[in-house]
Amino acid sequence: MKLLLKGGRVVDPRNGLNETMDVLIEEGKVLAVDIAIDAEDARVLDVSGKAVLPGLIDMHVHLREPGREDEETIETGTLAAARGGFVAVACMPNTDPPLDTGAAVRFVLSRARETGHVRVLPVGAITKGLGGAELAEIGELRRAGAVAISDDGRAVPNSRVMRHAMEYASMFGMPVISHAEDVELSAGGAVNEGYWSTRLGLPGIPSAAEETMVARDIFLAELAGARLHIAHVSTAGSVELIRRAKEKGILVTCEATPHHFTLTDEAVAGYDTNTKVNPPLRTARDVEALRQGLADGTIDVIASDHAPHTAEEKEVEYELAAFGMIGLETSLALAVTELVRPGILTLGQLVERMSYGPARILGLDWPGIVPGAEANITVLDPDASFVVDPAGFASLSRNTPFGGRRLFGKAVATVVAGRLAYVAGAS
Amino acid sequence: MPLRQKDLLGLEYLEREEIELILDTAVPMKEIFTRDIKKLPTLRGKTMVNLFYEPSTRTRTSFELAGKWMSADVTNIATSTSSVVKGENLKDTARTLEALGANFIVIRHQMAGAPHLVARTVKASVINAGDGRHEHPTQALLDLFTIRERLGRIEGLKVTIVGDILHSRVARSNIWGLVKLGAHVTVCGPRTLIPPEISRMGVEVTCDLGEALADADVVNVLRLQLERQRKGLFPSIREYSDLYGLTRERVDKCKPGVLILHPGPANLGVEITEEVAESPSAAVHEQVTNGVACRMAVLYLLSGGGKPGEIAA
């Protein structure tokens, strides 16, 4: 059946669109983008007053299946993604077993076909068992459908292994996604090292634990002549290192999370373990640098690092609590509230950071909202205001520090390959 | 004026007036020491549980005596450090203690914020007896009490805290209390044991002990955890002692009448010599006595007691 998105403002900078237009979709593809389309046989979605965007991609998500289906499954995680306005998610390989074999990647893709609500893009492991020692069969991972490789959750401590991973992955056109952390500097840490770690008596993780590894990986990318993507950049120093590397022409990209560009380490003050995340929440100066980096394009991508954990893993002593917070259902709203409404990003730039940016890094064919293209579209109501209620999340987990916070910007429809994966108000 | 909160989690969370109320209340409590029968009926029928996840002799005994002298029923639970790592759930333990009728839970835990978790879980009053490197409020209260008793005031005094500031909950609680009561605080120790941005808590920082001692009215010497040396935070006990040990020679250069405190147990000959610890300048044993009085005051006020004058004779 045809689907007609009627009366929305199409914001698609790559196709030069920022005007009120109708979008007609049939058989998975965009059939027409025009003023006042009439299609009697189409299901019509009145999206007047809303923004019609190229489908958003969250390139850093933990779906936890296989292994921790009590935290999240491919089904629940992708439903959360659809509700959050994402047409695709890249899922990290630190599952149990990890995605370090072709079989594991094929399992995820098969489960995604059976139960998924949005497209799932598996990220394969850099090293066998995420052990940091021996390269995984990266060619096999690629053949199975992996879009990138990463040992996310852990750094690759051995510089030689990281170098070879970059060289080897470049044969398949895949980026290496770096979780940049010097584990000797961060060992035992729970929060950002600074005034709040001192005041709260919690062991700190210095900015340098991230920055030394960002610097190392930039040098290795230069040496390997290969593509590097730095995950969850959290410090002003990292942004500056990446900015300079880009000026030198090194093939580095990076992402920032909504929690890192919204919250500071002061949020830890009440020992709420939902604020415990790796890398940790940093200072106001770092938040400012991330916002600047997002504005000037040093930071290519906004990604959530959606990391579901059960209440049992969080309702414990702060130092014992698991790292990570969920983000699929708050990411877009935080970007709208914290970046678009204050004028740091235009809606067009938001599309770059949340759609074209990740698509380019992951090597997706992503032509945007043009006739003939696969119809991957997010409809956003940028003015819709709501209070975050974790109890209503589609995610199996509730570990967010944003509960009770008033945000602006709600996905009202998510179109995945022409299919309505989510539409507001429908059950 | 009673305390505003049901718990005592740290001096960070108290107003100056509340700290002074506790210190004022501890004065008549200390008077009980001179009595033949050390017993007040205040907490009769109340149950106090000492939940200690770290070994402690003096703090636990001090709380135990404070509870008993106020007629509470007191139980001690010593839980080894390893059981936390094995996954014993603190919330579950707290609920169990409440189900057993605990009115007061006194908790010592190796992790910062553990008492806050317990306080959020139960209706009982939770007293922090030391949480990781965060706070040890009753230790700071007894230090404040001792300073006030010896020197007559706190406002305007220069207080130097020497040692492993980074890992010290005693230092943090002392800083909160002293700064709120108007003292000038300097922290001193090797650079590797000074936590970042501690000056924002309102203190001066120096790594030079001579400078830190020069015009101090009070010197609070912290216990050095000897295992820190193995983590590479300082090269040897010998060098630490050489740079930061409080010796007779160093005390002789201090102002006359300088007051020396140590929370105990001391590594004699490391951070302080026995000669200094046992000298008239030091108040190590008074601190222990005052600790019971201060803890009685805290229990009294948390149980709803009002002005010090109302304490039954």
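Higher on the page you've got the structure.
First, a word on scope: everything that follows refers to the structure included in this document. The model shown is predicted, which means the values in this text are computed figures rather than measured ones.

Calculation rules
Residues numbered from 1 in each chain as written. Chains lettered and ligands numbered in written order. Predicted model: local features only at pLDDT ≥ 70, side-chain atom pairs only at ≥ 80, totals over all residues. Heavy atoms only, no water. Disulfide = S-S within 2.5 Å. Contact = heavy atoms within 4.5 Å. Buried area = accessible area lost by both parts, 1.4 Å probe. Salt bridge = Lys/Arg side-chain N within 4 Å of Asp/Glu carboxyl O. Buried < 20%, exposed > 50% of the residue type's maximum accessible area, 1.4 Å probe, protein only. Helix = DSSP H or I, 4+ residues; strand = E, 2+ residues; numbered from the N terminus. Arc of directions from axis to C-beta. 1 Å grid on protein atoms, 1.4 Å probe; cavity = no way out; pocket = protein on both sides within 12 Å on 5 of 7 lines; lining within 4 Å. Points joined across faces, edges and corners; volume = space filled by probe spheres on them. Nonpolar A, V, L, I, M, F, W, Y, C, P; charged D, E, K, R; others polar. Expected span 1.5 Å × (residues − 1). Pairing = 2+ DSSP bridges. Axes fitted to C-alpha atoms, helices over the stretch in contact; angles between N-to-C directions. Polar contact = N/O pair within 3.5 Å; in protein donor to acceptor, adjacent residues only side chain to side chain. Right-handed = clockwise from strand over helix to strand, strands pointing away.

This structure, assessed with the given rule, holds zero disulfides over all chains. Distance from the sulfur of Cys207 of chain B, which forms no disulfide, to the nearest cysteine sulfur (Cys188 of chain B) is 6.8 Å.

Here the focus is the interface of chain B and chain A. Accessible area lost upon the coming together of the parts serves often as the stated size of an interface. Contacts between the two partners involve 25 residues from chain B and, on the opposite side, 18 residues from chain A. The junction of chain B with chain A conceals about 1800 Å² of combined surface from both sides, 57% of it contributed by carbon and sulfur atoms. Contact with chain A buries surface across chain B, with Met111, Ala112 and Pro196 of chain B losing the most and accounting together for 25% of the total. Our enumeration of links across chain B and chain A arrives at two salt bridges.

It is possible for side chains of opposite charge to pair when their charged atoms get near one another. Residues and elements named next belong to chain A. On inspection of all chains with the given rule, the structure shows 41 salt bridges over all chains. Between Lys128 and Glu134 there is a salt bridge, and its shortest N-O distance comes to 3.3 Å. The exposure class of Lys128 is partly exposed, given its relative accessible area of 43%. A salt bridge links Lys248 to Glu222; the shortest N-O distance between them is 3.6 Å. In this pair, Lys248 sits in the loop between helix H8 (236-247) and strand S14 (252-256) while Glu222 sits in helix H7 (residues 207-224), placing the two residues 26 residues apart along the sequence. A relative accessible area of 56% means that Lys248 is categorised as exposed.

Turning our attention to helix H4 (residues 90-99) of chain B. Residue and element names in this part refer to chain B. Every buried residue of H4 is accounted for by Leu90, Lys91, Thr93, Ala94 and Leu97. Down the axis, H4 shows its buried residues gathered within 160° of arc, on one side only. The elements touched by buried residues of H4 are strand S1 (47-52), strand S2 (73-78), strand S3 (104-109) and helix H5 (114-121). In the stretch just after H4, Gly101 is the one whose phi turns positive, near 95°.

Residue and element names in this part refer to chain A. Within the element layout of this structure, Phe261 appears in helix H9 (residues 258-262). Along the primary structure Phe261 and Pro308 are separated by 47 residues, whereas in three dimensions their C-alpha atoms are 20 Å apart. Here Phe261 is in contact with Val287, Leu290, Arg291, Leu294, Ile302, Leu334, Ala335, Glu338 and Leu339, once residues within four sequence places are set aside.

To continue, consider empty space enclosed by the protein. One water molecule sets the probe size; rolling that probe over the atoms shows where empty space is left. Residues and elements named next belong to chain B. Taken as a whole and judged by the stated rule, the model has seven cavities of 30 Å³ or more. In this structure, the largest cavity spans a volume of roughly 80 Å³. Lining of the largest cavity is provided by Arg58, Thr59, Ser62, Gln139, Leu142, His262, Pro263, Val284, Gln287, Val288, Gly291 and Arg295. Elements with a contribution of two residues or more to the lining of the largest cavity: helix H2 (58-69), helix H6 (137-151) and helix H12 (284-302). A total of five residues in the lining of the largest cavity trace back to one element, the largest contributor, which is H12. Residue composition of the lining of the largest cavity, grouped by class: four nonpolar, six polar and two charged.

Our focus in this paragraph is H8 of chain A. All names here are of chain A. For H8, with 12 residues, the first-to-last C-alpha span of 17 Å sits near the 16 Å given by 1.5 Å per residue. All of the buried residues in H8 are Ala236, Ser238, Val239, Ile242, Arg243 and Ala245. Tucked into the core, H8 has its buried residues touching H7, strand S13 (228-230), S14 and helix H10 (284-296).

All names here are of chain B. Sheet architecture is open: four strands sit in the order S2-S1-S3-S4, paired in parallel fashion. Only two strands of the sheet have a single neighbouring strand rather than two, namely S2 and strand S4 (125-131). Strand after strand, the sheet turns through a mean of 15° between neighbouring axes, direction not considered. Relative to S2, S1 runs parallel, the two being bridged by six bridges. In the sheet register, Asn50 faces S2, and the bridge partner there is Asn76. Contacts between H2 and the sheet are confined to S1, S2, S3 and S4, with S1 contributing the most and set at about 175° to the helix.

Further remarks concern the side chain of Thr121 of chain B. All names here are of chain B. With respect to the secondary-structure elements, Thr121 resides in helix H5. Separated by 2.6 Å, the side chain of Thr121 and the backbone oxygen of Leu117 make a polar contact. Non-local contacts of Thr121, meaning those with residues more than four positions away in its chain, are made with Lys91, Ala94, Arg95 and Glu98.

The subject of this paragraph is the sheet that holds strand S6 (residues 184-188) of chain B. Within a sheet, neighbouring strands are paired by backbone hydrogen bonds and run either parallel or antiparallel to one another. Residue and element names in this part refer to chain B. Read across the open sheet, the five strands follow the order S7-S6-S5-S8-S9; overall the sheet is parallel. Across the chains shown, the open sheet's two edge strands, defined by having one partner strand only, are strand S7 (204-206) and strand S9 (259-261). Adjacent strand axes in the sheet meet at a mean angle of 20°, parallel and antiparallel pairs treated alike. Sheet topology note: the strand S8 (residues 218-221)/S9 ladder contains three bridges and is parallel. Looking at S9, one finds that Val218 is bridged to Leu259. Against the sheet, helix H7 (residues 169-180) makes contact with strand S5 (158-162), S6 and S8, and its axis sits at roughly 170° relative to S5, the strand it touches most.

All names here are of chain A. Counting buried positions over the six residues of strand S8 (residues 119-124) gives five, a clear majority of the element. One ladder, built from four bridges, connects strand S7 (residues 86-91) with S8; its direction is parallel. By the bridge assignment, Val89 is partnered in S8 with Val120. Note: S8 against strand S9 (residues 148-150), two bridges, orientation parallel. Note on S9: the bridge partner recorded for Gly124 is Ile149. In this fold, the crossover linking S8 to S9 by way of helix H3 (residues 138-144) has right-handed handedness.

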